[in-house]
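Summary of the model geometry
For reference, the chains in residue letters:
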Amino acid sequence: MAVSDSDLVEADTDPGAVRRHRTLFRAVKRRRNPPLRRTDITVTDEAAVKRAVKAASLGNAMEWFDFGIYSYLAVTLGHVFFPSGNDTVQLLSSFATFAVSFLVRPIGGMVFGPMGDKIGRKKVLAFTMILMAIGTFAIGLIPSYATIGFWAPVLLIFFRLVQGFSTGGEYGGASTFIAEYAPDKRRGFFGSFLELGTLAGYVGAAGLVTILTSALGTSGMESWGWRVPFLVAGPIGLVGLYLRLKLDETPAFQKLEDESMHRASEAASSVETTATGDLKKIFREYWPTLILCICLVGAYNITDYMLLSYMPTYLSDEMGYSETHGLLILIATMVVLMLVINQVGRLSDRVGRKPLLMAGMLGFLVLSLPSFLLVRQGSLVAVAGGMLMLGLSLVCLLGTMSATLPALFPTQVRYGSLSVGYNLSASLFGGTTPLVITALISATGSDLMPAYYAMGAALVGVIAVAFTKETARQPLAGSPPSVATAREAAEMVESQAPAPKF
């Protein structure tokens, strides 16, 4: 009687069967887990890895520069683009426009993500860079409400939608790009540069807005100064596009493409190849991991936007700080995070992603309320101390998440799955954070609502991290092992060689 693999799997629990058929079981084990050959292992080119990290990080920096500008100019843009009246209504209108771009991010993710799994990461990332630059630059050219009335907010919303659509393909692609280029044992370190770009974008936006506000004053900013940061994004986008077009496709995608071409000659496999990256396949086969991704990203995004986007508005509207002083405190906090974020990424390669992710989530759960109580005291030292407490919790997430999320999904659907999961979560929870917090404070009268909101998000994050599989120092699912040197590859092959028998 023929014995199938499934029968042998059942028999694995029977030691007697294993003793009687040792040769057969060894053959099945080797077929399921064939030993690595030297050609199976990717040896990375460090110069190419650094170029990839630079191009991906610059694009991410531009994305958050754009979003940071809008956040830090929320009060000014409310006055420029919406009818005069109640200041709170204008601020809510401005934040609603900030949030509206997140409505189309999932659509962008569903379009660009599967496309990146089919035609390549590089081409899609170049296209999203073009769209983002156009959307941001165009906002800087829109006439004010006083000039064209109703059409001013309409045009603002339209170009925010363009930004949101392009962003749908940005983070998933950039994090996938770096993860697939980096050697397995240093993925956390190289991935942390993506979020270094996030902080650099925010610092650049906050710094530029602070300089302009100090130089021009409120009236000058509302007259024309607000346009400058948006117009600056155009040249930055061209530089980022140039860097991305100079890159080669990731080694993992090249190998997947080679295998797909080889399988395409077989009729049975060609159907599978055409389904690669298909949205139905992503939702049908990877929905548990998608839910996990959404929970992780939701907790991370709420805390991120609460601190890096909303806090300047909180300090000016609730605490009575001038816009310039609030931004200067935030800039100082972010500079501290930039100094340590790469060390956090390096640490995650040594101790694992989960311990650092859990530390960050627990930090927000435990420290959010004490941090905001400190901020409420109003003194410079108290405000800086409270923001730094939150910042150190956030950097545990920033330095680790960009290596954690791409490892959730296999290579053939990584870009698509991550783009869908990330942007669904960002749409529901991330971009709505300033709007929700402002509305909650207005409805309850409590200026501690940001702390409670962050604590709720962190609780969800703690549960999600508990269910996340540790992936540090391991190959990406569906990709061959990736190492930094040929010697490391040889040692890996030797370690799998059977021990000699005498």
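Residues numbered from 1 in each chain as written. Predicted model: local features only at pLDDT ≥ 70, side-chain atom pairs only at ≥ 80, totals over all residues. Heavy atoms only, no water.

1. Examining the overall build of the protein chain
In terms of regular secondary structure, the protein chain is built from 24 helices and 2 strands. Expressed as a percentage of contacts within the protein chain between residues at least 6 apart in sequence, the contacts between residues at least 24 apart total 84%. Accessible surface for the protein chain amounts to roughly 20900 Å². Of this, 66% is attributable to carbon and sulfur atoms. (Helix = DSSP H or I, 4+ residues; strand = E, 2+ residues; numbered from the N terminus. Contact = heavy atoms within 4.5 Å. Areas by Shrake-Rupley, 256 points an atom, 1.4 Å probe, with all protein chains shown as cover.)

2. Some thoughts on the side chain of arginine 121
Its place among the elements puts arginine 121 in helix H8 (residues 121-139). There is a polar contact of 2.9 Å between the side chain of arginine 121 and the side chain of aspartate 117. In contact with arginine 121, other than residues within four places in its own chain, are Gly116, Thr176, Phe177, Glu180, Glu249, Thr250, Phe253, Thr411, Arg414 and Tyr415. (Polar contact = N/O pair within 3.5 Å; in protein donor to acceptor, adjacent residues only side chain to side chain.)

3. Remarks on the state of the cysteines
Note on terminology: disulfide describes a covalent bond linking the sulfur atoms of two cysteines. Counted by the stated rule, this structure contains 0 disulfides. The cysteine cysteine 293 is free of any disulfide, with cysteine 295 supplying the nearest cysteine sulfur at 9.3 Å. Note on cysteine 295: relative accessible area 29%, which makes it partly exposed. (Disulfide = S-S within 2.5 Å. Buried < 20%, exposed > 50% of the residue type's maximum accessible area, 1.4 Å probe, protein only.)

4. Remarks on the environment of glycine 237
Summarising the element assignment, glycine 237 is placed in helix H13 (residues 227-245). The class for glycine 237 is buried, based on a relative accessible area of 3%. Separated by 104 residues in sequence, glycine 237 and alanine 133 place their C-alpha atoms 5.1 Å apart. With near-sequence residues (within four places) excluded, glycine 237 lies in contact with Met62, Met129 and Ala133.

5. With respect to the nonpolar core
In this structure, Tyr72, Phe81, Met311, Met334, Met387, Leu405 and Tyr422 are the most contacted members of the largest nonpolar core, which totals 121 residues. Among the elements that make up this core, the one with the highest residue count is helix H17 (residues 287-317) (15 residues). Setting aside chain neighbours within four positions, we find tyrosine 422 in contact with Trp64, Arg105, Tyr171, Cys293, Val297, Tyr300, Asn301 and Leu405. (Core = buried A, V, L, I, M, F, W, Y, C linked by side-chain atoms within 4.5 Å.)

6. Re the pattern of salt bridges
A full pass over the atoms with the stated rule returns 11 salt bridges. For arginine 353, the salt bridge is made with aspartate 349, and the minimal N-O distance between the two is 3.0 Å. For the residue pair arginine 353 and aspartate 349, the accessibility class agrees, reading buried in each case. Each of the salt bridges in this network shares a partner with another, and the network as a whole consists of Asp117, Arg121, Glu180 and Arg414. (Salt bridge = Lys/Arg side-chain N within 4 Å of Asp/Glu carboxyl O.)

7. Examining the environment of valine 111
Here valine 111 is to be found in helix H7 (residues 105-119). For valine 111, a relative accessible area of 36% puts it in the partly exposed group. As a C-alpha pair, valine 111 and valine 420 span 309 residues in sequence and 9.0 Å in three-dimensional space.

8. Observations regarding the packing of aromatic side chains
The tally for this structure, following the rule as stated, stands at 12 aromatic pairs. A centroid spacing of 5.6 Å and a plane angle of 70° characterise the contact between phenylalanine 150 and tryptophan 151, whose relative ring orientation is edge-to-face. On the basis of relative accessible area, tryptophan 151 is assigned to the exposed category, the value being 52%. The positively charged end of arginine 346 is found above the aromatic ring belonging to phenylalanine 189, 4.3 Å away from the centroid. (Phe/Tyr/Trp six-rings, centres within 6.5 Å; stacked < 30°, edge-to-face > 60°. Lys NZ or Arg CZ within 6 Å of the ring centre and 35° of its normal.)

9. Comments concerning the packing of H8 against helix H11 (residues 170-181)
Orientation of H8 relative to H11, taken along the N-to-C sense of each, is 140°, at an axis distance of 10 Å. One finds that H8 runs oblique with respect to H11. Where H8 crosses over H11, the two elements pack in a sense that is left-handed. Note on element contacts: H11 touches H8 through Glu170, Gly173, Ala174, Thr176, Phe177 and Glu180, opposite Arg121, Lys122, Leu125 and Thr128. Partitioned by chemical class, the residues of the contact of H8 with H11 number 3 nonpolar, 3 polar and 4 charged. (Axes fitted to C-alpha atoms, helices over the stretch in contact; angles between N-to-C directions. Parallel < 35°, antiparallel > 145°, perpendicular 65-115°, else oblique. Left-handed = near helix turned anticlockwise from the far one by under 90°. Nonpolar A, V, L, I, M, F, W, Y, C, P; charged D, E, K, R; others polar.)

10. As for a nonpolar patch on the surface
Among the surface-exposed residues, Ile107, Val111, Met115 and Ile119 lie close enough to one another that they form a single nonpolar patch of about 300 Å² accessible area. Mapping methionine 115 onto the fold places it in helix H7. (Patch = residues over 30% accessible without salt bridge, like charges linked within 9 Å, V, L, I, M, F, W, Y side chains within 5 Å.)

11. A closer look at the confidence of the model for the protein chain
Per-residue pLDDT for the protein chain has a mean of 83; in total, 86% of the residues score no lower than 70. The model gives residues 1-12 a pLDDT under 50, and that stretch makes 16 contacts with residues more than four places away or in other chains. In this model residues 264-277 is a low-confidence stretch, pLDDT under 50, and it forms 15 contacts with partners more than four residues away in sequence or in other chains. (pLDDT = per-residue confidence, 0-100.)

12. Remarks on H17
The largest bend in H17 is about 60°, located at tyrosine 310, with the proline proline 312 one to four residues further on. Burial analysis of H17 places 24 of its 31 residues in the buried class, which makes it a mostly covered element. (Bend = angle between axes of the 7 residues up to and from the residue.)

13. Quick word on the side chain of arginine 414
For arginine 414, the location among the structural elements is in helix H21 (residues 414-430). With a relative accessible area of 0%, arginine 414 lands in the buried category. Among the polar contacts listed, one links the side chain of arginine 414 to the backbone oxygen of proline 406, at a separation of 2.9 Å. Contacts of arginine 414, omitting those with residues within four sequence positions, involve Asp117, Arg121, Thr176, Glu180, Pro406, Phe409, Leu476, Ala477 and Ser479.

14. Quick word on the packing of helix H12 (residues 187-225) against H17
Axis separation between H12 and H17 bottoms out at 12 Å; the angle between their running directions is 30°. Comparing the axis directions of H12 and H17 gives the class roughly parallel. Handedness of the crossing formed by H12 with H17: right-handed. In contact with Glu195, Leu199 and Tyr202 of H12, H17 contributes Tyr300, Asp304, Tyr305, Leu308 and Ser309. For the contact of H12 with H17, a count of residues per class yields 5 nonpolar, 1 polar and 2 charged.

15. Side note on helix H5 (residues 74-81)
The element H5 is largely enclosed, with a buried count of 6 among its 8 residues. For H5, the full list of buried residues reads Ala74, Thr76, Leu77, Gly78, Val80 and Phe81.

16. Brief notes about the environment of threonine 400
Positionally, threonine 400 belongs in helix H20 (residues 380-404). Residue classification places threonine 400 among the buried residues on the basis of a relative accessible area of 0%. Spatially, the C-alpha atoms of threonine 400 and asparagine 342 are 9.4 Å apart, while their sequence positions differ by 58 residues. Once residues within four sequence positions are removed from consideration, threonine 400 is found in contact with Val344, Ser348, Arg353, Leu356 and Leu357.

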